[in-house]
Structure formats: structure tokens, C-alpha cells
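Each chain, letter by letter, is given below.
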Amino acid sequence: MQSQSKKLFSLRKLIFMLVLVLSFGTTKIKAQLQCGMTTADQLYLQPDDRPMIGPRSAKTYIPIQFHLFADDDGTGALDVGTVLNELKAINEIYDTVGFYFYLANGGDIPTISNTALTGGPSGYDEIIDAIRNDIALNVFISKDLFVSSGRQVAGYYTSAKDFVAMDASYINDGETLAHELGHFFSLPHTFFGWEDEPYDLAKHGNPVTITQAPSYGVPVELVNKTNCTKAGDKICDTPPDYNFGAARSGCTYNTVIKDPNGEVIPIMENNYMSYFANCSDFQFTEGQHNAMRNNFALPSRNYLRYDYVPLMDTISELVTLLSPTTNQKIETYNYVTLEWLPVTNATRYYIEITDGRELTKAIASGTSYTFTTLKANKSYIVKIRPYSEGFTDTKNRITTFRTGNLMTATTEITGANRYLKVVPNPVQNGNNIKIEVDAGGNGDHLVEVFNMMGQLLSSKSVNLDYGKNTILLNDIKTQAGVHFVRIRGNKHDLTQKFIIAD
Ligand SMILES: [Zn+2]
């Protein structure tokens, strides 16, 4: 299923697909948007017939797959550093639930360059089906987010497609994502039934005079808990909420409101599933904890349950760069390799390079990464941040270097019969990769294989003879999908796309 996604990508940047250019450091300020969870979807989530499971014991580890949507030219995607911070934030929030989210795919966070998706996944089921990770909780992040009705929202969960979508501006302190993940794990709003018509003194009275909430015939929840299994979110330790938080930007509600029995409602502003915002002490109740754990125990969640404990060891060091050194001038600009010492417990490194105008981003799985899109005679700031699938509370190393104006010489293979190809193509995963090169000269060359993320999977020195050469590569451990082979040396610098099939 991962391989199907590849056709969606623009291939023109070849191996450096994930190297994206983005205007640097812009954070959009948006009006407070609400959740796009539909009432119908919440009916679907109503916690009838929940299996009862015991209290939490050990931590539950849940793979989460973030997908970042960018414009066709690769700009506009949320930066990975913000995602790493968000993961830390939601893990702190979900600690009381007993859930721990870890990055799927070893920590790779793909960017999908497709302008159609920058308004969110709604209406693009086919694309989403192709790129989703079927063994992880999928979170799609776009720069704006619209539901099918056209309404702009901060985030939503869809039960039909079973994923969470988020507006990138609401990825910050975990607050909105925690709410949407609550929906994912079956929690309705605490004010279920009042989404479309929040409490209004003139209309509903005080004490409230209606006994059915405005939507879906849900009973108006009573303070005395006599109808708490049928009203609102059907979770009894969340007090009645008639959507008191609607259109409020703060965390307080000063009016005393009485339920239809005349009892004062102990309004719980700081519930994650309310519409109050910016509470310093947001929480889920114990009843909500149980509902989420029960949801996780359902057969429909089998695809998220594994006997796997992620790598979670603390990463405390900063990256130490070997090259470039601080303020070093690199003579060339079109082939700049960053190298660093391995950081204890880190398995991924997120890199940003900017000249102040354009931002280039990449995720490396090893301890070096080569950039080919930098400009001549520029001062660059580099940020590089280690992390692992289960530990993202890490910091950037920030350093600087300069580029010169020399180009690394690249000589294309020319002539009618010259070629570089992989045969057969596609090649079966696990088989040797057979490369045929018709070389225009002889000498030492480096043969490298990269995946779509630009990660180096294999590197081998070969001596090419003039004319036809055959190179066999084995032991390349990878997933099915688009790959690139690059052969470079003093005579050639050639890159060719090929497919590894399941
Ligand atoms: Zn919601």
C-alpha cells in the first residue's frame, strides 16, 4: 500500500524529493476555528455496547503516521520540528490515558506535494487511500482545512475513513490534536447534541426549559446523572455541557446556568472535548480514559495493536557536525554534504538549511546528507535535530556555513548508445539489483541507491570500463516503491529511477 503512493509524487527533483523549499519562519495567524467532527459521525461513536476492560496497567504503544501536505512546488508544508514538538505534547497529555504514540516507519514523516491537498483530505479519498499507512493512526496536516460542506475547521476525525486531519496552524501545544484524537478513540463532544445550536439564554431559558437537545433528539443532560448514559457524550463523569464554550476564546464561563431540574451545572470548561479554548489545565475525565481504552480494545483497532515497544531512550546530546565546520566556506554549492557524529539513541535527523529567504528540509537516517539545491555564494544557517520513533523531546544544533561558486563537475554520459538502467525494472524486493551502464569513460565511480525520501540505502565503489558494465547490488533492505540509483565519478553523474515491487 505504501508503494501505491509514489505515483502521486512529483518526480522532477529525483532523489531529493523531500528537500523542499519554503519561505522561512512564517506562522499564519488564524481566527479561532472549531472542530469539524460531524454530529452524524459522533452518533456513530456513541459508546453503547463498549466492551469493559480493566484499569490500565502497562503503557499502550500506538504507531502514529503524520503526513504533511505541500503545494506542487514543495512549499507550504508544516515543518517536521513542529511535528516532533507536537508528538511530545500529545504524549504528555495522553500519559494519564496510558497511551504512548510513536512515529511509524521508524520516524519518517513524508511530505506530499500536491496543491489539491492543501485544503485538506476531504474529497480526495482515492489519494488518501493510496498514501495512508494502514498499520498506523494517520494524521494528515494541511495548511488550511475544510470539511465536505466547505466549512473551514481546525481539525476533524472521520469515522468513515478512520483518520484525523489537522490544520497546520493548530499543531502547536497538542490541545487541538488531543481533542481530535479523543474523537478517534470514540469520545463525542461533552456537549453532544448542541453543536449546531449552542446554549442561548433567550432561546433555551435559565433554568433550561427544553428537555431534548437541539440536534438528533439527544436528551438534555441533567446534573443529577439520571440520564447521563443517554444524554450528551453518554459518559457520566463529564458534567452537562450545552456547548457553553462555543465561540469563546477563553477558559471561563461566568454565568450560573441551571439544568431543566433547576440544578446548577458545574461547568467543566477544561475538558479537552468541550469547545472552551486555551485552558491551562485541560484534561480528560476517568470516564473518558476508560472509553478511549475500551475503544482501543475493539477488533476495529487491531491494526494499531502490536507487541512492540518503540525505541524511547532519552536523546540528550546535540548533533556535533564534522562538516561543514562553523562558518566554513565550501567551495562548491551544488553538492554540499553535511556529516555529523552519531547521537546516542537517535535514529533520524531532521535538517533545515536556509539562506534567510528559502528553506530546504530533509530527514536523514544516517549521519550524512547531501544537498544539491543550494545556491552559490550564500551564507546558510543549518538546524539539525536528532530524534527517534519514540523520543522527540530534542533540540536543534544551529550552525552556519557559506557556499562558493564552484560547481561539482558532472559529465553526462553522451552518445547514441549510452545508458544507465536497472534490469529488470521493477525489481522484486529482496532480489539483487542489476544495473547496466554503458559508460563513456573508465575510472572509479560510486554507485548509490536512494529511496523516495532521499535516504541513502546502499553505497558501493565500482570501477567502470568504457562501454557496457554490469553491477550487482545485494542486501538492500527497503520497502517497495520508487527508488533511485546514482552513479557518479569523474566521468559521470547520472541518476535513474527504478521501482522495487513487493
Ligand atoms: Zn470535536
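Just above, that's the structure.
Residues numbered from 1 in each chain as written. Predicted model: local features only at pLDDT ≥ 70, side-chain atom pairs only at ≥ 80, totals over all residues.

Right, let's talk about the overall build of the protein chain for a bit. Within the protein chain, the regular secondary structure consists of six helices and 23 strands. Per-residue burial over the protein chain gives 42% buried out of 502 residues. In the protein chain, 71% of the contacts between residues at least 6 apart in sequence involve partners at least 24 apart. (Helix = DSSP H or I, 4+ residues; strand = E, 2+ residues; numbered from the N terminus. Buried ≥ 20, exposed ≤ 12 C-beta atoms within 10 Å, placed from the backbone. Contact = placed C-beta atoms within 7 Å.)

The next thing to look at is the sheet that holds strand 13 (residues 368-371). Spatial strand order, 8-10-13: three strands in an open sheet with antiparallel pairing. The sheet terminates laterally at strand 8 (321-323) and strand 13, the two strands that pair on one side only. For this sheet, the mean inter-axis angle between neighbouring strands, taken without regard to orientation, is 25°. Pairing analysis gives two bridges linking strand 8 to strand 10 (residues 336-340), with the strands arranged antiparallel. (Pairing = 2+ DSSP bridges. Axes fitted to C-alpha atoms, helices over the stretch in contact; angles between N-to-C directions.)

With that settled, consider helix 2 (residues 80-93). Over its 14 residues, helix 2 extends 20 Å from the first C-alpha to the last, a length consistent with the 20 Å expected when each residue adds 1.5 Å. All of the buried residues in helix 2 are Val80, Val83, Leu84, Glu86, Leu87, Ile90, Asn91 and Ile93. Those residues of helix 2 that are buried lie in contact with strand 2 (60-70), strand 3 (99-103), helix 4 (175-184), strand 11 (348-354), strand 12 (358-364) and strand 14 (379-387). (Expected span 1.5 Å × (residues − 1).)

With that settled, consider the sheet that holds strand 18 (residues 433-439). Strand order in the open sheet formed by three strands is 16-18-21, and the pairing between neighbours is antiparallel. Edge positions in the open sheet fall to strand 16 (419-422) and strand 21 (467-473), since each of these has one partner strand only. Strand-to-strand, the axes of this sheet are offset by a mean angle of 15°, without reference to chain direction. Of the pairings in the sheet, the one linking strand 16 to strand 18 comprises four bridges and is antiparallel in character. Each residue of the ladder has a partner; that of lysine 421, found in strand 18, is glutamate 436.

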